[in-house]
Amino acid sequence: MTQQTETAPDRIGIAEVIRFILELFAFVSLGIWGFLAWPGPWLNVVLCVATPLFAILLWALFRSPRAVVRLDAFGKALIEILIMGSAALAWLMLGQPIVAVVFGVAAAVTGVISGRKELR
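On a predicted model such as this, the values are computed, not experimentally measured, just so you know.

Undergrad: Give a description of the overall build of the chain that names residues and reports values.
TA: The number of helices and strands found in the chain is four helices and zero strands. Traced from its N-terminal end to its C-terminal end, the chain shows the element sequence α-α-α-α. Taking 14 Å as the expected radius of gyration for a compact globule of 120 residues, we find that the chain reaches 17 Å, considerably beyond that expectation. Summarising its shape, the C-alpha atoms of the chain cover approximately 75 × 30 × 25 Å along the three principal directions. For the chain, buried positions account for 28% of its 120 residues.

Here it is, written out as C-alpha cells:
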C-alpha cells in the first residue's frame, strides 16, 4: 500500500490579483502615453502600439512566472521597477501627478510583497 502525497495547488490571493491588475494598468498606461505624448498622425499610433508591446515582451521574457530567461531576484526586481516606473513616469509626463503617485506606491507595495514571497 503506497501513500500518494498530493501537492496543494498554488492559491491566488488578493495580492496577486492586485498585482496583475497593476501590470495590466502599466501596459495600458504606456499605450496611452505613446498616443497622447507625441504629435502627428503616425508617430503617436506607432508608439501607442509599440510601447506596451515592448513592455509586455520584457515582462514575458524576464519577469513572468514562466519566463524564458531565468533571472535572480535582483534582475527580476530591476525589470519590474523599469516597467512600473516607466508607467508612473508616463502619467507624470501626461500631467497626472496624483495617478502617478498612487500607481507608483501601489506598484511598490505589491512588488515588495511579491518579492518577499518569492524569496521565502
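Undergrad: Which residues make up the environment of Arg66, and what values do they have?
TA: Looking at the element boundaries, Arg66 is found in the loop between α2 (43–63) and α3 (73–93). By relative accessible area, which is 78% here, Arg66 ends up exposed. A sequence separation of 29 residues divides Arg66 from Ala37, and the C-alpha atoms of the two residues are 33 Å apart.

Undergrad: Explain the pattern of salt bridges to me, and be specific about the residues and the numbers.
TA: Overall, the coordinates contain six salt bridges when judged by the stated rule. Ionic pairing is found between Glu16 and Lys117, a salt bridge with its closest N-O pair at 2.6 Å. A residue pair is termed long-range when its members are at least 10 positions apart, and Glu16 in helix α1 (residues 14–36) and Lys117 in helix α4 (residues 97–119) qualify at 101 residues. Residue class for Lys117 comes out partly exposed when judged on its relative accessible area of 38%. Lys76 is the salt-bridge partner of Glu118, the closest N and O atoms lying 3.8 Å from each other. With Glu118 in helix α4 and Lys76 in helix α3, this pair connects stretches of sequence that are 42 residues apart. Through salt bridges with shared partners, one network takes in Arg19, Glu23, Arg63, Lys76, Glu80 and Glu118.

Undergrad: Tell me about the packing of α1 against α3, and name the residues and values.
TA: At a closest axis distance of 9 Å, the pairing of α1 and α3 adopts a crossing angle of 50°. Regarding the angle of α1 to α3, the classification is oblique. Crossing angle aside, the handedness with which α1 passes α3 is left-handed. Across the interface between the two elements, Arg19, Leu22, Glu23, Phe25, Ala26, Phe27, Ser29, Leu30, Ile32 and Trp33 from α1 touch Glu80, Ile83, Met84, Ser86, Ala87, Ala90, Trp91 and Met93 from α3. Considering only residue class, the contact of α1 with α3 consists of 13 nonpolar, two polar and three charged.

Conventions we followed
Residues numbered from 1 in each chain as written. Predicted model: local features only at pLDDT ≥ 70, side-chain atom pairs only at ≥ 80, totals over all residues. Heavy atoms only, no water. Helix = DSSP H or I, 4+ residues; strand = E, 2+ residues; numbered from the N terminus. Rg over C-alpha atoms; globule rule 2.2 N^0.38 Å. Buried < 20%, exposed > 50% of the residue type's maximum accessible area, 1.4 Å probe, protein only. Salt bridge = Lys/Arg side-chain N within 4 Å of Asp/Glu carboxyl O. Axes fitted to C-alpha atoms, helices over the stretch in contact; angles between N-to-C directions. Parallel < 35°, antiparallel > 145°, perpendicular 65-115°, else oblique. Left-handed = near helix turned anticlockwise from the far one by under 90°. Contact = heavy atoms within 4.5 Å. Nonpolar A, V, L, I, M, F, W, Y, C, P; charged D, E, K, R; others polar.

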